[in-house]
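A structural walkthrough
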Amino acid sequence: MIEIFTNPQELARGAAKHFVTLGTEAVARNGFFTVALSGGSTPKRLYQLLADPDEPFASQVPWTRTHFFWSDERHVPPDHPESNYCMTYEAMLSRVAVPESNVHRVHGENPNAAEAAAEYEQTLLRLTGQTLPQLDLILLGLGTDGHTASIFPGSEVLHETSRLVAAPWVEKLNTYRITMTLPLLNNGAAVLFLVSGADKVEIVKEVFEGEKHYPAQAVQPTCGKLSWMLDKDAAGGLAADNRE
Ligand code: 6PG
């Protein structure tokens, strides 16, 4: 399902409402809510909105029953400006009453990225008690090259079938990344792509209407719900019937 919002603020608000609904339902169903947060710039507005005391969401999110994971992380320490954890902590987690024991970050500071990935997989397996964890909500973004999480075009991770978390070397960024893999992403109960900005027009059109294959298109939840929330700028190139 594609939902298009007039601007980035309304996109963040639509995503915040969805977050609260899924969180409330998961706690009613299981007693807790498991969510994987995405990095990059687009979700930051959502995180700020969820924690904003002048907005309704901060009092509606079941913070003490929400467990936070990350769909990917950069290979940097948690206080590094490029750290997805750092961005999320500053935008949201430091401003709300979430128990530290509910925050499960990737140890990007580990010089051995593969070890950090393997450790994160064990954390997910231990905390969910599932051999293939089903997270209640997985947030994802879309890069202009069609990557999502840290699954980039041409990456060997695209073909991963057993590991839940991997540490691919990303040549064009000259660094390792730690990322949830497709088996884990596609087992999400709800997967939500947030995409904003005119710089995403081409790739959004390609992903929905193009011939070529992009990593983001490989996110097809097996039994979960896939949603795309776009702002008008990012959706600008879509055919009319895709925008309705
Ligand atoms: C990351 C992200 C990545 C991101 C896209 C879009 O760690 O960078 O998880 O997959 O979602 O690159 O990034 P923007 O939102 O900044 O355009």
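You'll find the structure just up there.
Here is a short report on the structure shown in this document. (Residues numbered from 1 in each chain as written. Predicted model: local features only at pLDDT ≥ 70, side-chain atom pairs only at ≥ 80, totals over all residues. Heavy atoms only, no water.)

**Considerations on the overall build of the protein chain**
Along the protein chain, the regular secondary structure elements total 8 helices and 10 strands. Scaling as 2.2 N^0.38, a compact globule of 244 residues should have a C-alpha radius of gyration of about 18 Å, and the protein chain matches this with 17 Å. Looking at the 244 residues of the protein chain, the share that counts as buried comes to 54%. For the protein chain, the share of sequence-separated contacts (at least 6 apart) that also reach a separation of at least 24 residues comes to 75%. Total accessible area on the protein chain stands at roughly 11000 Å², and carbon and sulfur atoms take up 50% of it. Mean positive and mean negative side-chain charge positions of the protein chain (19 and 30 charges, respectively) differ by 3 Å. (Helix = DSSP H or I, 4+ residues; strand = E, 2+ residues; numbered from the N terminus. Rg over C-alpha atoms; globule rule 2.2 N^0.38 Å. Buried < 20%, exposed > 50% of the residue type's maximum accessible area, 1.4 Å probe, protein only. Contact = heavy atoms within 4.5 Å. Areas by Shrake-Rupley, 256 points an atom, 1.4 Å probe, with all protein chains shown as cover. Lys, Arg positive; Asp, Glu negative; His and termini not counted. Charge placed at Lys NZ, Arg CZ, Asp CG, Glu CD.)

**So, the pattern of salt bridges**
If you walk through the whole model with that rule in mind, you get 7 salt bridges. Ionic pairing is found between Glu 209 and Lys 205, a salt bridge with its closest N-O pair at 2.8 Å. Of this pair, Glu 209 and Lys 205 both sit in helix 6 (residues 201-209), 4 residues apart, roughly one helical turn. On the basis of relative accessibility, which here comes to 34%, the residue Lys 205 falls in the partly exposed class. (Salt bridge = Lys/Arg side-chain N within 4 Å of Asp/Glu carboxyl O.)

**Describing the environment of Lys 212**
Among the structural elements, Lys 212 can be located in the loop between helix 6 and strand 10 (225-231). Remark: the alpha-carbon pair of Lys 212 and Pro 183, spanning 29 residues in sequence, is separated by 22 Å. Not counting the four nearest positions on each side in its chain, Lys 212 is found in contact with Glu 206 and Gln 217.

**Thoughts on the packing of helix 2 (residues 44-51) against helix 3 (residues 84-91)**
Look at helix 2 against helix 3: their axes get within 8 Å of each other, and the N-to-C directions meet at 35 degrees. Seen from above, helix 2 lies across helix 3 with right-handed handedness. Between helix 2, through Lys 44, Tyr 47, Gln 48 and Ala 51, and helix 3, the contact on the second element is made entirely by Met 87, Thr 88 and Ala 91. Along the lines of polarity and charge, the residues of the contact of helix 2 with helix 3 split into 4 nonpolar, 2 polar and 1 charged. (Axes fitted to C-alpha atoms, helices over the stretch in contact; angles between N-to-C directions. Left-handed = near helix turned anticlockwise from the far one by under 90°. Nonpolar A, V, L, I, M, F, W, Y, C, P; charged D, E, K, R; others polar.)

**Side note on the packing of aromatic side chains**
Taken as a whole and assessed by the stated rule, the structure comprises 8 aromatic pairs. Look at Phe 19 and Phe 33: their rings are 5.4 Å apart centre to centre, the planes differ by 85 degrees, and that puts the pair in the edge-to-face class. Of this pair, Phe 19 sits in helix 1 (residues 8-30) while Phe 33 sits in strand 2 (residues 33-37), and the two are 14 residues apart along the sequence. No difference in accessibility class separates Phe 19 from Phe 33, as the two residues are buried. Site record: aromatic cluster; members linked through ring pairs are Trp 70, Tyr 85 and Tyr 89. Lying over the aromatic face of Tyr 85, Arg 105 brings its terminal NZ or CZ to 5.6 Å of the ring centre. (Phe/Tyr/Trp six-rings, centres within 6.5 Å; stacked < 30°, edge-to-face > 60°. Lys NZ or Arg CZ within 6 Å of the ring centre and 35° of its normal.)

**Quick word on the sheet that holds strand 1 (residues 2-5)**
Within a sheet, adjacent strands bond to each other through the backbone by hydrogen bonds, running parallel or antiparallel. Read across the sheet, 6 strands follow the order 1-10-9-5-2-3 without closing on themselves; strand pairing throughout is parallel. Every interior strand has two partners, whereas the edge strands, strand 1 and strand 3 (66-70), have only one. Direction aside, neighbouring strands of the sheet carry axes that sit 20 degrees apart on average. As paired elements, strand 9 (residues 190-195) and strand 10 share 6 bridges and run parallel to each other. If you follow Val 191 over to strand 10, its bridge partner there is Leu 226. (Pairing = 2+ DSSP bridges.)

**Some remarks on helix 2**
Among the residues of helix 2, Leu 46, Tyr 47, Leu 49, Leu 50 and Ala 51 are the ones counted as buried. In this structure, the buried side of helix 2 is in contact with helix 1, strand 2, helix 3, strand 5 (137-140) and strand 9.

**Focus: the pairing of strand 3**
Of all 5 residues making up strand 3, 5 are buried, and the element is well covered by its neighbours. Neither face of strand 3 is left uncovered, since the one carrying Thr 66, Phe 68 and Trp 70 and the one carrying His 67 and Phe 69 both have all their residues buried. Pairing between strand 2 and strand 3: 5 bridges, direction parallel. Residue pairing for strand 3: Leu 37 is matched across the bridge by Trp 70. You can see the chain leave strand 2, run along helix 2 and come back into strand 3, and the turn it takes is right-handed. (Right-handed = clockwise from strand over helix to strand, strands pointing away.)

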